[in-house]
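# Descriptive analysis of the structure
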Amino acid sequence: MANYNPKSLKAEEFIHDGEILETLEYAEANKNNMELINSILEKARPQKNGNGCVCQGLSHREASVLLACDDPSVNKRIAEIAEEIKLAFYGNRIVMFAPLYLSNYCVNGCVYCPYHMKNKSIARKKLTQEEVKAEVIALQDMGHKRLAIEAGEDPVNNPIEYILECIKTIYSINHKNGAIRRVNVNIAATTVENYRKLKEAGIGTYILFQETYHKESYLKLHPTGPKHDYAYHTEAMDRAMEGGIDDVGLGVLFGLELYKYEFAGLLMHAEHLEAVHGVGPHTISVPRIKKANDIDPNVFDNSISDEIFEKIIACIRLAVPYTGMIISTRESEEVRGKVLNMGISQISGASRTSVGGYTEEERPHDSEQFDVSDQRTLDEVVKWLMECGHIPSFCTACYREGRTGDRFMALCKNGQILNCCHPNALMTLTEYLVDYASEETKKVGFELIEKELEKIPTDKVRDIAKKNIEDIKNSNRRDFRF
Ligand code: SAM
């Protein structure tokens, strides 16, 4: 019988089933213990520290107590503190990205995914380098600067060499004022050697969703193919970090298993990365199962309501305050609008989940991975974000300045966000507005930028940002950054 040990490199010791079950019992037993709940909420709040703020975060046990509590006044406070943390560390910036599907060939049998090997009704496609180029130009023409590449697992059709070649192609394309400045990668668990190759290719975050932390369910949901190996999949982030990748992105596919179990597992995974590698996950994603070719989401009986979904996001924000949180177009405009105030820091826009989808006209496409709920254009999403008081940011500076892993966390902790990320967001938003936005969006954007510039605390930084913004408006020069 395995023992719980967050520092162990063995999946079943850092994601310890017994510890999760005890956590759930503890949370259930204490869900009305107001003294404990108040102390947990107090611990979660940002504390002033010199010019900046610090947050202690919460353990998986503490956060599970908050998740279990169903008192409406506690839920309200959780949402308020989530927003407080979001504003303290991320401000009102929301980072924009788009997924790029390279290939949907897959040898796995994941029962929730339309790419599963036995699915004969989905069109199988793999982009050639010419097609990658065309997709990237279409994405650049919308204004995207940051991509997440996606592919099924297939050592013959999508070997690591193919993924590396695609990354090289993507970074090489400069079309008009466009350039993809950060490529994040969401491909199946692989070897340390392959992670090293991805690092050398200049990737940003390596993203891999656990799908479920519950081993027994995991084995049933992934009945065949290399992904069936629970330990290999769960230990992937340790191999990625060993291979030199210091930004990794976790996620659970909500709907497969009981959400309280997944929530505790997800936080234990984050604690494990911090304990072993000294830095927690760069991002956490919160996908929910969607309808897709050959997939009926109703056959999975652990689906969660929008209210629970929103609460999970707020509780993650309290538990891991320095970790970015991503929401995709699986969610509707309404849900996305709500969770942006509860700690989400990255959002996709105008996504196509099909292979070659950005150069095809009408949806739905025959190779789509799932139904997209938010089908607005990037221009519409950008305008909407600004009208809701957020700053859509196309910034990728941290990554290009080497501020990854714990160096990014240090920036957060010493309060330099307003002097660094805020002006970068405003400059990259100006680039977007000048190069790609509709007249209406431009109007909303330039007014917002004027106001937001005044929030930069240091006079010198504010003056440089103002000058750079004028330069972006008046010339073709791009890519100013702090
Ligand atoms: N093949 C890679 C892997 O094994 O991780 C890449 C994953 S896939 C392109 C991206 C993610 O989409 C999966 O990890 C899964 O969580 C999610 N996904 C799969 N089927 C889905 C569905 N029907 N609805 C919503 N999300 C789904």
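Residues numbered from 1 in each chain as written. Predicted model: local features only at pLDDT ≥ 70, side-chain atom pairs only at ≥ 80, totals over all residues. Heavy atoms only, no water.

### Quick word on the packing of helix 15 (residues 378–387) against helix 18 (residues 417–436)
Contact geometry of helix 15 with helix 18 gives a least axis separation of 12 Å together with a crossing angle of 135 degrees. It follows from the interaxial angle that helix 15 and helix 18 lie oblique. Both helix 15 and helix 18 take part in a crossing whose hand is left-handed. Note on element contacts: helix 18 touches helix 15 through Leu429, Tyr432 and Leu433, opposite Leu378, Asp379, Val382 and Met386. Of the residues assigned to the contact of helix 15 with helix 18, the class counts are six nonpolar, no polar and one charged. (Axes fitted to C-alpha atoms, helices over the stretch in contact; angles between N-to-C directions. Helix = DSSP H or I, 4+ residues; strand = E, 2+ residues; numbered from the N terminus. Parallel < 35°, antiparallel > 145°, perpendicular 65-115°, else oblique. Left-handed = near helix turned anticlockwise from the far one by under 90°. Contact = heavy atoms within 4.5 Å. Nonpolar A, V, L, I, M, F, W, Y, C, P; charged D, E, K, R; others polar.)

### A closer look at helix 15
Residues lying three or four places apart along an α-helix face the same way, a consequence of the helix completing one turn every 3.6 residues. Most of helix 15 is tucked away, with eight of its ten residues classed as buried. All of the buried residues in helix 15 are Leu378, Asp379, Val381, Val382, Lys383, Trp384, Leu385 and Met386. (Buried < 20%, exposed > 50% of the residue type's maximum accessible area, 1.4 Å probe, protein only.)

### Here we look at the environment of Lys260
With respect to the helices, strands and loops of the structure, Lys260 is situated in helix 12 (residues 259–277). Since its relative accessible area comes to 27%, Lys260 is described here as partly exposed. Between the alpha carbons of Lys260 and Leu21 there is a distance of 9.8 Å; along the sequence they are 239 residues apart. Once residues lying within four places of it in the same chain are set aside, the contact partners of Lys260 are Leu24, Glu28, Leu67 and Ala68.

### Some words on the site of the ligand
Near the ligand lie 19 residues; those nearest to it are Tyr112, Ala151, Glu211, Lys227 and Lys290. One of the backbone nitrogen or oxygen atoms of Tyr112 is found 3.0 Å away from a nitrogen atom of the ligand. Between the ligand and Ala151, the relevant distance is 3.0 Å, taken from a nitrogen atom to a main-chain nitrogen or oxygen of the residue. Burial of the ligand by the protein chains amounts to 97% of its free accessible area of 570 Å². Residue composition of the shell around the ligand, grouped by class: ten nonpolar, three polar and six charged. (Near = heavy atom within 4 Å. Polar contact = N/O pair within 3.5 Å; in protein donor to acceptor, adjacent residues only side chain to side chain. Areas by Shrake-Rupley, 256 points an atom, 1.4 Å probe, with all protein chains shown as cover.)

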